[in-house]
Protein chains: 4
Amino acid sequence: MSFRHTTGFEIEFGDCDPVGIVFYPNYYRWMDAAARHFFLAAGVPSWTETAASDGIIGAPLLETSARYLKPATYGERIAVDTSVAEWRGKSFVLAHAIRRADTVLVEGSETRVLVRRHPDDPARIQAVDPPAWFREKLA
Amino acid sequence: MSFRHTTGFEIEFGDCDPVGIVFYPNYYRWMDAAARHFFLAAGVPSWTETAASDGIIGAPLLETSARYLKPATYGERIAVDTSVAEWRGKSFVLAHAIRRADTVLVEGSETRVLVRRHPDDPARIQAVDPPAWFREKLA
Amino acid sequence: MSFRHTTGFEIEFGDCDPVGIVFYPNYYRWMDAAARHFFLAAGVPSWTETAASDGIIGAPLLETSARYLKPATYGERIAVDTSVAEWRGKSFVLAHAIRRADTVLVEGSETRVLVRRHPDDPARIQAVDPPAWFREKLA
Amino acid sequence: MSFRHTTGFEIEFGDCDPVGIVFYPNYYRWMDAAARHFFLAAGVPSWTETAASDGIIGAPLLETSARYLKPATYGERIAVDTSVAEWRGKSFVLAHAIRRADTVLVEGSETRVLVRRHPDDPARIQAVDPPAWFREKLA
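A quick note: this is a predicted structure, and the numbers were derived from the prediction, not measured.

The rules behind each value
- Residues numbered from 1 in each chain as written.
- Chains lettered and ligands numbered in written order.
- Predicted model: local features only at pLDDT ≥ 70, side-chain atom pairs only at ≥ 80, totals over all residues.
- Heavy atoms only, no water.
- Contact = heavy atoms within 4.5 Å.
- Buried area = accessible area lost by both parts, 1.4 Å probe.
- Salt bridge = Lys/Arg side-chain N within 4 Å of Asp/Glu carboxyl O.
- Polar contact = N/O pair within 3.5 Å; in protein donor to acceptor, adjacent residues only side chain to side chain.
- Helix = DSSP H or I, 4+ residues; strand = E, 2+ residues; numbered from the N terminus.
- Pairing = 2+ DSSP bridges.
- Axes fitted to C-alpha atoms, helices over the stretch in contact; angles between N-to-C directions.
- Least-squares fit on C-alpha atoms with pLDDT ≥ 70 in both.
- 1 Å grid on protein atoms, 1.4 Å probe; cavity = no way out; pocket = protein on both sides within 12 Å on 5 of 7 lines; lining within 4 Å.
- Points joined across faces, edges and corners; volume = space filled by probe spheres on them.
- Nonpolar A, V, L, I, M, F, W, Y, C, P; charged D, E, K, R; others polar.

### Observations concerning the interface of chain B and chain A
- Across the contact, 16 residues belong to chain B and 16 residues belong to chain A.
- With both sides pooled, the region where chain B packs onto chain A buries about 1,400 Å², and carbon together with sulfur makes up 60% of that total.
- Contact with chain A buries area across many residues of chain B, yet B:Tyr24, B:Thr64 and B:Tyr68 alone supply 37% of it, more than any other trio.
- On inspection of chain B and its partner chain A, the count reaches zero salt bridges.
- Where chain B touches chain A, the interface holds 13 residue pairs in polar contact (both at pLDDT 80 or more).
- Listing elements by their share of the side of chain B that touches chain A, those giving two or more residues are helix H1 (25-42) and strand E3 (61-68) of chain B.
- A total of eight residues in the side of chain B that touches chain A trace back to one element, the largest contributor, which is E3(B).

### Some words on the sheet that holds strand E7 (residues 115-118) of chain D
Residue and element names in this part refer to chain D.
- Reading across from one edge, E2-E7-E8 is the order of the three strands in this open sheet, with antiparallel pairing throughout. For this open sheet the edge positions go to strand E2 (56-58) and strand E8 (121-127), each flanked by a neighbour on one side alone. This sheet shows a mean twist of 50 degrees between the axes of neighbouring strands, independent of strand direction.

### Remarks on the interface of chain D and chain B
- Each side of the interface is counted separately: chain D has 13 residues, and chain B has 13 residues.
- For the pairing of chain D and chain B, the buried interface totals around 900 Å² over both sides, and the portion due to carbon and sulfur atoms is 44%.
- There are four salt bridges connecting chain D and chain B.
- One salt bridge connects B:Glu10 with D:Arg36, and the closest N-O pair in it is separated by 3.4 Å.
- At the surface where chain D touches chain B, the tally comes to eight residue pairs in polar contact (both at pLDDT 80 or more).
- Elements represented by at least two residues in the side of chain D that touches chain B include exactly strand E1 (4-10) and helix H1 (25-42) of chain D.

### Some details on the relation of the copies chain B and chain A
- Expressed as a screw transformation, the operator carrying chain B onto chain A has a rotation angle of 180 degrees and an axial translation of 0.0 Å, and the superposed copies differ by an RMSD of 0.0 Å. Within this description, the copies of the chain are treated as partners about a two-fold rotation axis. When C-alpha positions in chain B are compared against the rotation axis, the closest is assigned to B:Ser65, at 2.0 Å.

### A closer look at the relation of the copies chain D and chain B
- Aligned on chain B, chain D shows an RMSD of 0.0 Å; the corresponding rotation is 180 degrees and the shift along the axis is 0.0 Å.
- Taken together, the interface assignments show that 100% of the residues at the interface of chain D recur at the interface of chain B, consistent with an identical surface on both copies.

### Structural notes on empty space enclosed by the protein
- With the rule as written, the count across this model stands at two cavities of 30 Å³ or more.
- Taken as a whole, the largest cavity holds about 540 Å³ of empty space.
- If you trace the largest cavity, you find 28 residues lining it, with A:Arg29, B:Asn26, C:Asn26, C:Arg29 and D:Arg29 closest to the centre.
- Put simply, the parts of the chain that give the lining of the largest cavity at least two residues each are helix H1 (25-42) of chain A, H1 of chain B, helix H1 (25-42) of chain C together with H1 of chain D.
- Of the residues belonging to the lining of the largest cavity, the class tally is 12 nonpolar, eight polar and eight charged.
- Of the voids in this model, the second largest cavity is the one considered here, and its volume is about 40 Å³.
- In terms of lining, the second largest cavity is formed by B:Glu12, B:Phe13, B:Gly14, C:Phe23, D:Arg29, D:Asp32, D:Ala33 and D:Arg36.
- When grouped by side-chain class, the residues that make up the lining of the second largest cavity number three nonpolar, one polar and four charged.

Set out below in C-alpha coordinates:
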(Lines give C-alpha, C1' and ligand atoms only; values in the text may rest on other atoms or scores of the structure.)
Protein backbone atom coordinates (compact mmCIF):
# COMPACT_ATOMS: atom_id res chain seq x y z
CA MET A 1 0.00 0.00 0.00
CA SER A 2 1.33 3.38 -0.96
CA PHE A 3 2.59 6.11 1.32
CA ARG A 4 -0.19 8.45 2.41
CA HIS A 5 -0.05 11.80 4.17
CA THR A 6 -2.79 14.05 5.52
CA THR A 7 -2.48 17.84 5.59
CA GLY A 8 -4.97 19.96 7.52
CA PHE A 9 -6.29 23.40 6.62
CA GLU A 10 -8.93 25.73 8.01
CA ILE A 11 -11.28 27.44 5.58
CA GLU A 12 -11.21 31.19 6.14
CA PHE A 13 -13.78 33.89 5.29
CA GLY A 14 -11.59 35.16 2.44
CA ASP A 15 -11.51 31.71 0.82
CA CYS A 16 -15.26 31.90 0.22
CA ASP A 17 -17.23 33.57 -2.56
CA PRO A 18 -20.44 35.62 -2.62
CA VAL A 19 -22.47 32.40 -2.40
CA GLY A 20 -20.72 31.80 0.92
CA ILE A 21 -18.89 28.63 -0.15
CA VAL A 22 -15.25 27.95 -1.03
CA PHE A 23 -14.19 29.65 -4.27
CA TYR A 24 -13.03 26.55 -6.15
CA PRO A 25 -9.48 27.62 -7.20
CA ASN A 26 -8.65 27.55 -3.48
CA TYR A 27 -9.09 23.77 -3.51
CA TYR A 28 -6.19 23.62 -5.99
CA ARG A 29 -4.17 25.96 -3.76
CA TRP A 30 -4.67 23.47 -0.94
CA MET A 31 -3.80 20.51 -3.20
CA ASP A 32 -0.54 22.19 -4.22
CA ALA A 33 0.32 22.81 -0.56
CA ALA A 34 -0.70 19.23 0.34
CA ALA A 35 1.65 17.91 -2.37
CA ARG A 36 4.57 19.80 -0.81
CA HIS A 37 3.73 18.46 2.65
CA PHE A 38 3.33 14.95 1.19
CA PHE A 39 6.84 15.08 -0.35
CA LEU A 40 8.31 16.41 2.90
CA ALA A 41 6.56 13.75 5.00
CA ALA A 42 7.80 11.03 2.64
CA GLY A 43 11.36 12.23 3.17
CA VAL A 44 11.93 13.75 -0.29
CA PRO A 45 14.70 16.37 0.14
CA SER A 46 14.12 19.96 -0.90
CA TRP A 47 14.50 20.68 -4.62
CA THR A 48 17.62 22.67 -3.71
CA GLU A 49 19.16 19.50 -2.34
CA THR A 50 18.00 17.27 -5.19
CA ALA A 51 19.34 19.84 -7.66
CA ALA A 52 22.78 19.28 -6.16
CA SER A 53 22.47 15.47 -5.87
CA ASP A 54 20.40 14.37 -8.90
CA GLY A 55 19.95 17.53 -10.95
CA ILE A 56 16.19 17.45 -10.20
CA ILE A 57 14.92 21.00 -9.73
CA GLY A 58 11.20 20.46 -9.19
CA ALA A 59 7.99 18.61 -10.00
CA PRO A 60 5.89 20.79 -12.32
CA LEU A 61 2.33 19.97 -13.33
CA LEU A 62 1.10 18.36 -16.53
CA GLU A 63 -2.56 18.12 -15.56
CA THR A 64 -4.91 18.77 -12.66
CA SER A 65 -8.54 17.90 -12.06
CA ALA A 66 -11.19 18.03 -9.37
CA ARG A 67 -14.70 16.70 -8.78
CA TYR A 68 -16.82 18.75 -6.39
CA LEU A 69 -19.10 16.55 -4.29
CA LYS A 70 -20.16 18.80 -1.40
CA PRO A 71 -19.71 22.51 -0.67
CA ALA A 72 -17.85 23.82 2.38
CA THR A 73 -17.62 27.17 4.12
CA TYR A 74 -15.44 29.18 6.49
CA GLY A 75 -14.87 28.05 10.03
CA GLU A 76 -14.73 24.44 8.83
CA ARG A 77 -11.56 22.38 9.04
CA ILE A 78 -10.60 20.20 6.09
CA ALA A 79 -8.09 17.38 5.69
CA VAL A 80 -6.37 16.49 2.43
CA ASP A 81 -5.29 12.83 2.09
CA THR A 82 -2.56 12.56 -0.53
CA SER A 83 -0.99 9.48 -2.14
CA VAL A 84 0.45 8.39 -5.48
CA ALA A 85 -2.42 6.94 -7.50
CA GLU A 86 -0.38 5.93 -10.54
CA TRP A 87 3.11 5.88 -12.06
CA ARG A 88 2.95 6.64 -15.80
CA GLY A 89 6.44 6.43 -17.26
CA LYS A 90 8.05 9.77 -16.46
CA SER A 91 4.93 11.23 -14.86
CA PHE A 92 3.00 10.28 -11.74
CA VAL A 93 -0.47 11.09 -10.47
CA LEU A 94 -1.12 12.39 -6.97
CA ALA A 95 -4.63 11.69 -5.68
CA HIS A 96 -5.98 14.19 -3.14
CA ALA A 97 -9.17 13.45 -1.19
CA ILE A 98 -10.35 16.64 0.51
CA ARG A 99 -12.71 15.88 3.37
CA ARG A 100 -14.47 17.47 6.34
CA ALA A 101 -14.25 14.80 9.02
CA ASP A 102 -15.46 11.70 7.10
CA THR A 103 -17.33 13.55 4.37
CA VAL A 104 -15.36 13.76 1.12
CA LEU A 105 -15.89 17.21 -0.40
CA VAL A 106 -13.56 17.11 -3.41
CA GLU A 107 -11.64 14.40 -5.24
CA GLY A 108 -8.64 15.95 -6.91
CA SER A 109 -5.62 14.87 -8.90
CA GLU A 110 -2.33 16.39 -9.94
CA THR A 111 -0.16 14.81 -12.64
CA ARG A 112 3.43 15.87 -12.10
CA VAL A 113 6.80 15.11 -13.63
CA LEU A 114 10.31 15.51 -12.25
CA VAL A 115 12.49 17.87 -14.26
CA ARG A 116 16.12 18.91 -14.58
CA ARG A 117 17.75 21.65 -16.60
CA HIS A 118 18.29 20.63 -20.21
CA PRO A 119 21.98 19.64 -20.65
CA ASP A 120 22.23 21.58 -23.94
CA ASP A 121 20.30 24.68 -22.80
CA PRO A 122 19.93 25.50 -19.09
CA ALA A 123 17.03 27.85 -19.89
CA ARG A 124 14.93 24.83 -20.84
CA ILE A 125 13.79 22.02 -18.59
CA GLN A 126 13.58 18.33 -19.35
CA ALA A 127 11.51 15.55 -17.77
CA VAL A 128 13.51 12.74 -16.16
CA ASP A 129 12.58 9.23 -15.06
CA PRO A 130 11.73 9.29 -11.34
CA PRO A 131 14.84 7.87 -9.60
CA ALA A 132 14.48 4.63 -7.64
CA TRP A 133 14.91 6.44 -4.30
CA PHE A 134 12.02 8.77 -5.18
CA ARG A 135 9.67 5.92 -6.11
CA GLU A 136 10.61 4.00 -2.98
CA LYS A 137 9.84 6.92 -0.68
CA LEU A 138 6.43 7.49 -2.27
CA ALA A 139 5.52 3.84 -2.90
CA MET B 1 -20.94 26.22 -34.62
CA SER B 2 -21.23 27.15 -30.99
CA PHE B 3 -21.05 30.61 -29.46
CA ARG B 4 -17.51 31.57 -28.52
CA HIS B 5 -16.22 34.45 -26.41
CA THR B 6 -12.68 35.61 -25.64
CA THR B 7 -11.74 37.26 -22.36
CA GLY B 8 -8.35 38.96 -21.94
CA PHE B 9 -6.20 39.11 -18.82
CA GLU B 10 -2.73 40.38 -17.98
CA ILE B 11 -0.50 38.19 -15.85
CA GLU B 12 0.76 40.17 -12.87
CA PHE B 13 3.82 39.66 -10.66
CA GLY B 14 1.66 38.43 -7.79
CA ASP B 15 0.14 35.70 -9.99
CA CYS B 16 3.56 34.04 -10.28
CA ASP B 17 5.35 31.67 -7.94
CA PRO B 18 8.99 31.40 -6.78
CA VAL B 19 9.86 29.65 -10.07
CA GLY B 20 8.71 32.85 -11.80
CA ILE B 21 5.77 31.27 -13.65
CA VAL B 22 2.01 31.42 -13.09
CA PHE B 23 0.94 29.64 -9.90
CA TYR B 24 -1.50 27.18 -11.47
CA PRO B 25 -4.66 27.83 -9.35
CA ASN B 26 -4.70 31.27 -10.98
CA TYR B 27 -5.54 29.63 -14.31
CA TYR B 28 -8.75 28.36 -12.69
CA ARG B 29 -9.41 31.85 -11.32
CA TRP B 30 -9.20 33.16 -14.90
CA MET B 31 -11.41 30.31 -16.20
CA ASP B 32 -14.09 31.14 -13.65
CA ALA B 33 -13.95 34.81 -14.64
CA ALA B 34 -13.98 33.87 -18.35
CA ALA B 35 -17.12 31.76 -17.75
CA ARG B 36 -18.90 34.78 -16.26
CA HIS B 37 -17.86 36.97 -19.21
CA PHE B 38 -18.93 34.22 -21.61
CA PHE B 39 -22.44 34.06 -20.11
CA LEU B 40 -22.71 37.87 -20.20
CA ALA B 41 -21.54 38.06 -23.81
CA ALA B 42 -24.04 35.36 -24.79
CA GLY B 43 -26.85 37.42 -23.31
CA VAL B 44 -27.57 35.25 -20.28
CA PRO B 45 -29.20 37.54 -17.68
CA SER B 46 -27.70 37.87 -14.20
CA TRP B 47 -28.58 35.08 -11.76
CA THR B 48 -30.64 37.65 -9.86
CA GLU B 49 -32.81 38.07 -12.94
CA THR B 50 -33.03 34.36 -13.75
CA ALA B 51 -33.93 33.68 -10.11
CA ALA B 52 -36.98 35.87 -10.63
CA SER B 53 -37.89 34.53 -14.10
CA ASP B 54 -36.92 30.81 -14.04
CA GLY B 55 -35.90 30.15 -10.44
CA ILE B 56 -32.31 29.54 -11.60
CA ILE B 57 -29.90 30.94 -9.02
CA GLY B 58 -26.52 29.97 -10.47
CA ALA B 59 -24.30 27.50 -12.31
CA PRO B 60 -22.12 25.69 -9.75
CA LEU B 61 -19.30 23.36 -10.72
CA LEU B 62 -19.31 19.58 -10.83
CA GLU B 63 -15.80 19.12 -12.23
CA THR B 64 -12.84 21.13 -13.49
CA SER B 65 -9.64 20.12 -15.24
CA ALA B 66 -6.62 21.64 -16.92
CA ARG B 67 -3.68 20.48 -19.04
CA TYR B 68 -0.58 22.68 -18.83
CA LEU B 69 1.25 22.89 -22.15
CA LYS B 70 3.54 25.91 -21.76
CA PRO B 71 4.45 28.15 -18.84
CA ALA B 72 3.77 31.89 -18.76
CA THR B 73 4.98 34.77 -16.65
CA TYR B 74 4.09 38.32 -15.60
CA GLY B 75 3.90 41.10 -18.12
CA GLU B 76 2.37 38.70 -20.63
CA ARG B 77 -1.19 39.08 -21.87
CA ILE B 78 -3.37 35.99 -22.18
CA ALA B 79 -6.67 35.35 -23.90
CA VAL B 80 -9.21 32.75 -22.82
CA ASP B 81 -11.45 31.37 -25.58
CA THR B 82 -14.60 29.89 -24.06
CA SER B 83 -17.35 27.79 -25.63
CA VAL B 84 -19.72 24.95 -24.73
CA ALA B 85 -17.94 21.72 -25.60
CA GLU B 86 -20.75 19.35 -24.64
CA TRP B 87 -24.31 19.16 -23.29
CA ARG B 88 -24.66 16.19 -20.91
CA GLY B 89 -28.24 15.97 -19.69
CA LYS B 90 -28.50 18.51 -16.89
CA SER B 91 -24.82 19.44 -17.00
CA PHE B 92 -22.71 21.13 -19.66
CA VAL B 93 -18.99 21.41 -20.25
CA LEU B 94 -17.27 24.74 -20.90
CA ALA B 95 -13.99 24.44 -22.78
CA HIS B 96 -11.42 27.18 -22.11
CA ALA B 97 -8.33 27.53 -24.29
CA ILE B 98 -5.85 29.87 -22.59
CA ARG B 99 -3.36 31.28 -25.04
CA ARG B 100 -0.62 33.89 -25.41
CA ALA B 101 -1.12 35.21 -28.92
CA ASP B 102 -1.40 31.95 -30.92
CA THR B 103 0.37 29.70 -28.44
CA VAL B 104 -2.03 27.65 -26.35
CA LEU B 105 -0.73 27.51 -22.76
CA VAL B 106 -3.52 25.66 -20.98
CA GLU B 107 -6.54 23.62 -22.08
CA GLY B 108 -9.15 23.75 -19.35
CA SER B 109 -12.69 22.60 -18.75
CA GLU B 110 -15.45 23.36 -16.30
CA THR B 111 -18.50 21.12 -15.97
CA ARG B 112 -21.38 23.15 -14.59
CA VAL B 113 -25.04 22.64 -13.87
CA LEU B 114 -27.89 25.11 -13.46
CA VAL B 115 -29.55 25.02 -10.06
CA ARG B 116 -32.65 26.32 -8.32
CA ARG B 117 -33.70 26.18 -4.68
CA HIS B 118 -35.25 22.84 -3.76
CA PRO B 119 -39.06 23.29 -3.68
CA ASP B 120 -39.32 21.31 -0.42
CA ASP B 121 -36.32 22.87 1.33
CA PRO B 122 -34.97 26.27 0.24
CA ALA B 123 -31.70 25.57 2.07
CA ARG B 124 -30.91 22.88 -0.51
CA ILE B 125 -30.30 23.33 -4.21
CA GLN B 126 -31.44 21.16 -7.07
CA ALA B 127 -30.12 20.76 -10.62
CA VAL B 128 -32.53 21.68 -13.40
CA ASP B 129 -32.57 20.97 -17.12
CA PRO B 130 -31.04 23.91 -18.98
CA PRO B 131 -34.02 25.85 -20.39
CA ALA B 132 -34.33 26.15 -24.16
CA TRP B 133 -33.47 29.87 -24.11
CA PHE B 134 -30.22 29.10 -22.25
CA ARG B 135 -29.16 26.41 -24.72
CA GLU B 136 -30.03 28.66 -27.66
CA LYS B 137 -27.91 31.54 -26.38
CA LEU B 138 -24.89 29.29 -25.83
CA ALA B 139 -25.34 27.01 -28.84
CA MET C 1 -4.13 44.20 29.91
CA SER C 2 -6.17 43.52 26.85
CA PHE C 3 -7.27 40.14 25.53
CA ARG C 4 -4.70 38.66 23.14
CA HIS C 5 -4.96 35.69 20.79
CA THR C 6 -2.37 34.00 18.59
CA THR C 7 -3.27 32.34 15.29
CA GLY C 8 -0.74 30.14 13.48
CA PHE C 9 -0.26 29.77 9.73
CA GLU C 10 2.22 27.99 7.51
CA ILE C 11 3.60 29.88 4.52
CA GLU C 12 3.06 27.84 1.36
CA PHE C 13 4.87 27.92 -1.99
CA GLY C 14 1.88 29.58 -3.64
CA ASP C 15 1.96 32.44 -1.11
CA CYS C 16 5.37 33.51 -2.43
CA ASP C 17 6.29 35.65 -5.40
CA PRO C 18 9.02 35.39 -8.06
CA VAL C 19 11.53 36.85 -5.58
CA GLY C 20 10.78 33.82 -3.40
CA ILE C 21 9.27 35.77 -0.49
CA VAL C 22 5.69 36.25 0.66
CA PHE C 23 3.60 38.30 -1.77
CA TYR C 24 2.54 41.06 0.61
CA PRO C 25 -1.28 41.00 0.15
CA ASN C 26 -1.15 37.56 1.76
CA TYR C 27 -0.15 39.19 5.06
CA TYR C 28 -3.49 41.00 4.98
CA ARG C 29 -5.24 37.73 4.18
CA TRP C 30 -3.68 36.28 7.34
CA MET C 31 -4.59 39.38 9.37
CA ASP C 32 -8.22 39.08 8.30
CA ALA C 33 -8.25 35.40 9.29
CA ALA C 34 -6.47 36.21 12.58
CA ALA C 35 -9.16 38.80 13.34
CA ARG C 36 -11.89 36.17 12.93
CA HIS C 37 -10.01 33.73 15.18
CA PHE C 38 -9.43 36.54 17.69
CA PHE C 39 -13.17 37.30 17.89
CA LEU C 40 -13.99 33.59 18.25
CA ALA C 41 -11.37 33.08 20.97
CA ALA C 42 -12.71 36.10 22.85
CA GLY C 43 -16.18 34.56 22.83
CA VAL C 44 -17.82 36.94 20.36
CA PRO C 45 -20.77 35.04 18.84
CA SER C 46 -21.04 34.59 15.08
CA TRP C 47 -22.45 37.59 13.16
CA THR C 48 -25.52 35.47 12.46
CA GLU C 49 -26.14 35.26 16.20
CA THR C 50 -25.38 38.93 16.89
CA ALA C 51 -27.67 39.88 13.99
CA ALA C 52 -30.51 38.20 15.90
CA SER C 53 -29.54 39.53 19.35
CA ASP C 54 -28.11 43.05 18.72
CA GLY C 55 -28.70 43.68 15.03
CA ILE C 56 -24.92 43.64 14.46
CA ILE C 57 -24.15 41.99 11.12
CA GLY C 58 -20.38 42.33 10.90
CA ALA C 59 -17.22 44.34 11.48
CA PRO C 60 -16.14 45.89 8.17
CA LEU C 61 -12.85 47.70 7.68
CA LEU C 62 -12.21 51.43 7.65
CA GLU C 63 -8.43 51.28 7.34
CA THR C 64 -5.58 48.77 7.24
CA SER C 65 -1.82 49.17 7.34
CA ALA C 66 1.35 47.13 7.56
CA ARG C 67 5.06 47.72 8.11
CA TYR C 68 7.36 45.07 6.62
CA LEU C 69 10.40 44.45 8.80
CA LYS C 70 11.77 41.12 7.56
CA PRO C 71 10.91 38.87 4.61
CA ALA C 72 9.67 35.29 4.99
CA THR C 73 9.35 32.33 2.67
CA TYR C 74 7.51 29.03 2.26
CA GLY C 75 8.03 26.21 4.72
CA GLU C 76 8.18 28.74 7.53
CA ARG C 77 5.53 28.88 10.24
CA ILE C 78 4.24 32.25 11.37
CA ALA C 79 2.20 33.35 14.36
CA VAL C 80 -0.11 36.36 14.40
CA ASP C 81 -0.63 37.99 17.83
CA THR C 82 -3.85 40.00 17.80
CA SER C 83 -5.24 42.45 20.36
CA VAL C 84 -7.27 45.67 20.48
CA ALA C 85 -4.80 48.55 20.36
CA GLU C 86 -7.32 51.36 20.64
CA TRP C 87 -11.02 52.18 20.98
CA ARG C 88 -11.91 55.26 18.91
CA GLY C 89 -15.57 56.08 19.42
CA LYS C 90 -17.46 53.74 17.11
CA SER C 91 -14.31 52.21 15.61
CA PHE C 92 -11.54 50.11 17.12
CA VAL C 93 -8.05 49.21 16.01
CA LEU C 94 -6.78 45.63 15.96
CA ALA C 95 -3.00 45.33 16.18
CA HIS C 96 -1.48 42.25 14.54
CA ALA C 97 2.16 41.31 15.13
CA ILE C 98 3.21 38.68 12.60
CA ARG C 99 6.29 36.81 13.75
CA ARG C 100 8.45 33.78 12.95
CA ALA C 101 9.34 32.42 16.38
CA ASP C 102 10.53 35.59 18.17
CA THR C 103 11.33 37.61 15.06
CA VAL C 104 8.61 40.11 14.19
CA LEU C 105 8.19 40.18 10.40
CA VAL C 106 5.23 42.52 9.97
CA GLU C 107 3.38 44.96 12.20
CA GLY C 108 -0.15 45.34 10.94
CA SER C 109 -3.34 47.07 11.93
CA GLU C 110 -6.99 46.87 10.99
CA THR C 111 -9.46 49.59 11.95
CA ARG C 112 -12.94 48.08 12.08
CA VAL C 113 -16.41 49.22 13.01
CA LEU C 114 -19.49 47.23 14.02
CA VAL C 115 -22.43 47.72 11.70
CA ARG C 116 -26.15 47.01 11.54
CA ARG C 117 -28.65 47.45 8.74
CA HIS C 118 -29.90 51.01 8.46
CA PRO C 119 -33.36 51.17 10.08
CA ASP C 120 -34.74 53.28 7.19
CA ASP C 121 -33.10 51.33 4.36
CA PRO C 122 -31.96 47.72 4.88
CA ALA C 123 -29.76 47.96 1.78
CA ARG C 124 -27.49 50.40 3.65
CA ILE C 125 -25.42 49.73 6.71
CA GLN C 126 -24.81 51.96 9.71
CA ALA C 127 -22.00 52.00 12.27
CA VAL C 128 -23.06 51.36 15.88
CA ASP C 129 -21.34 51.95 19.20
CA PRO C 130 -19.63 48.73 20.30
CA PRO C 131 -21.94 47.24 22.95
CA ALA C 132 -20.60 46.85 26.50
CA TRP C 133 -20.49 43.04 26.19
CA PHE C 134 -18.30 43.35 23.07
CA ARG C 135 -15.84 45.76 24.71
CA GLU C 136 -15.65 43.56 27.80
CA LYS C 137 -14.81 40.44 25.85
CA LEU C 138 -12.03 42.20 23.92
CA ALA C 139 -10.73 44.40 26.72
CA MET D 1 3.14 68.05 -11.33
CA SER D 2 4.19 64.47 -10.92
CA PHE D 3 3.86 61.67 -13.43
CA ARG D 4 0.53 59.85 -13.10
CA HIS D 5 -0.65 56.58 -14.60
CA THR D 6 -4.03 54.85 -14.52
CA THR D 7 -4.39 51.07 -14.57
CA GLY D 8 -7.79 49.45 -15.10
CA PHE D 9 -9.11 46.23 -13.59
CA GLU D 10 -12.42 44.41 -13.57
CA ILE D 11 -13.69 43.02 -10.29
CA GLU D 12 -14.48 39.34 -10.67
CA PHE D 13 -16.79 37.06 -8.68
CA GLY D 14 -13.82 35.33 -7.05
CA ASP D 15 -12.47 38.66 -5.78
CA CYS D 16 -15.53 39.05 -3.56
CA ASP D 17 -16.31 37.62 -0.14
CA PRO D 18 -19.44 36.10 1.42
CA VAL D 19 -20.80 39.62 2.01
CA GLY D 20 -20.65 40.07 -1.77
CA ILE D 21 -18.06 42.85 -1.75
CA VAL D 22 -14.33 42.89 -2.60
CA PHE D 23 -12.23 40.93 -0.09
CA TYR D 24 -9.88 43.72 0.95
CA PRO D 25 -6.46 42.07 0.36
CA ASN D 26 -7.37 42.15 -3.34
CA TYR D 27 -7.12 45.95 -3.28
CA TYR D 28 -3.46 45.54 -2.33
CA ARG D 29 -3.04 42.98 -5.14
CA TRP D 30 -4.34 45.64 -7.54
CA MET D 31 -2.09 48.33 -6.02
CA ASP D 32 0.96 46.11 -6.48
CA ALA D 33 0.01 45.50 -10.12
CA ALA D 34 -0.72 49.22 -10.61
CA ALA D 35 2.77 50.04 -9.26
CA ARG D 36 4.35 47.77 -11.89
CA HIS D 37 2.28 49.35 -14.67
CA PHE D 38 3.14 52.82 -13.32
CA PHE D 39 6.90 52.09 -13.49
CA LEU D 40 6.53 50.66 -17.01
CA ALA D 41 4.50 53.64 -18.20
CA ALA D 42 7.08 56.03 -16.74
CA GLY D 43 9.80 54.30 -18.75
CA VAL D 44 11.58 52.59 -15.87
CA PRO D 45 13.41 49.60 -17.38
CA SER D 46 12.79 46.08 -16.06
CA TRP D 47 14.67 45.16 -12.87
CA THR D 48 16.72 42.75 -14.97
CA GLU D 49 17.95 45.70 -17.01
CA THR D 50 18.56 47.98 -14.03
CA ALA D 51 20.43 45.13 -12.31
CA ALA D 52 22.89 45.21 -15.21
CA SER D 53 23.07 49.02 -15.49
CA ASP D 54 22.77 50.33 -11.88
CA GLY D 55 22.80 47.20 -9.71
CA ILE D 56 19.16 47.89 -8.75
CA ILE D 57 17.27 44.61 -8.46
CA GLY D 58 13.84 45.76 -7.31
CA ALA D 59 11.64 48.05 -5.22
CA PRO D 60 10.48 46.14 -2.13
CA LEU D 61 7.92 47.48 0.30
CA LEU D 62 8.50 49.13 3.66
CA GLU D 63 4.89 50.01 4.42
CA THR D 64 1.42 49.85 2.88
CA SER D 65 -1.90 51.30 3.92
CA ALA D 66 -5.44 51.71 2.69
CA ARG D 67 -8.59 53.61 3.67
CA TYR D 68 -11.85 52.02 2.54
CA LEU D 69 -14.44 54.64 1.60
CA LYS D 70 -17.02 52.69 -0.42
CA PRO D 71 -17.55 49.00 -1.14
CA ALA D 72 -17.47 47.51 -4.65
CA THR D 73 -18.59 44.25 -6.17
CA TYR D 74 -18.05 42.01 -9.19
CA GLY D 75 -18.93 43.17 -12.65
CA GLU D 76 -17.70 46.65 -11.78
CA ARG D 77 -14.66 48.18 -13.45
CA ILE D 78 -12.16 50.06 -11.33
CA ALA D 79 -9.31 52.43 -12.19
CA VAL D 80 -6.20 52.90 -10.07
CA ASP D 81 -4.51 56.33 -10.38
CA THR D 82 -0.89 56.07 -9.27
CA SER D 83 1.70 58.77 -8.63
CA VAL D 84 4.64 59.52 -6.32
CA ALA D 85 3.25 61.33 -3.29
CA GLU D 86 6.55 61.87 -1.51
CA TRP D 87 10.31 61.32 -1.71
CA ARG D 88 11.71 60.45 1.75
CA GLY D 89 15.46 60.03 1.50
CA LYS D 90 16.00 56.52 0.18
CA SER D 91 12.30 55.63 0.21
CA PHE D 92 9.37 56.98 -1.76
CA VAL D 93 5.61 56.80 -1.34
CA LEU D 94 3.26 55.75 -4.14
CA ALA D 95 -0.30 57.04 -3.76
CA HIS D 96 -3.03 54.91 -5.34
CA ALA D 97 -6.57 56.22 -5.70
CA ILE D 98 -8.89 53.34 -6.58
CA ARG D 99 -12.11 54.57 -8.11
CA ARG D 100 -15.23 53.38 -9.93
CA ALA D 101 -15.82 56.08 -12.52
CA ASP D 102 -15.53 59.25 -10.40
CA THR D 103 -16.25 57.65 -7.03
CA VAL D 104 -13.10 57.01 -5.02
CA LEU D 105 -13.45 53.63 -3.26
CA VAL D 106 -10.05 53.23 -1.64
CA GLU D 107 -7.10 55.53 -0.95
CA GLY D 108 -3.96 53.44 -0.72
CA SER D 109 -0.25 53.95 -0.34
CA GLU D 110 2.87 51.88 -0.80
CA THR D 111 6.24 53.00 0.61
CA ARG D 112 8.99 51.41 -1.44
CA VAL D 113 12.76 51.55 -1.58
CA LEU D 114 15.19 50.66 -4.37
CA VAL D 115 17.62 47.91 -3.44
CA ARG D 116 20.82 46.31 -4.72
CA ARG D 117 22.73 43.27 -3.53
CA HIS D 118 24.99 44.06 -0.58
CA PRO D 119 28.57 44.42 -1.90
CA ASP D 120 29.95 42.31 0.99
CA ASP D 121 27.25 39.63 0.97
CA PRO D 122 25.14 39.03 -2.15
CA ALA D 123 22.58 37.12 -0.06
CA ARG D 124 21.62 40.42 1.62
CA ILE D 125 20.07 43.46 0.03
CA GLN D 126 20.80 47.10 0.65
CA ALA D 127 18.71 50.23 0.06
CA VAL D 128 20.18 52.74 -2.39
CA ASP D 129 19.44 56.38 -3.09
CA PRO D 130 17.04 56.61 -6.04
CA PRO D 131 19.22 57.57 -9.03
CA ALA D 132 18.55 60.89 -10.75
CA TRP D 133 17.16 59.18 -13.88
CA PHE D 134 14.63 57.30 -11.71
CA ARG D 135 13.44 60.45 -9.93
CA GLU D 136 13.17 62.31 -13.21
CA LYS D 137 11.00 59.64 -14.83
CA LEU D 138 8.61 59.57 -11.87
CA ALA D 139 8.67 63.28 -11.02
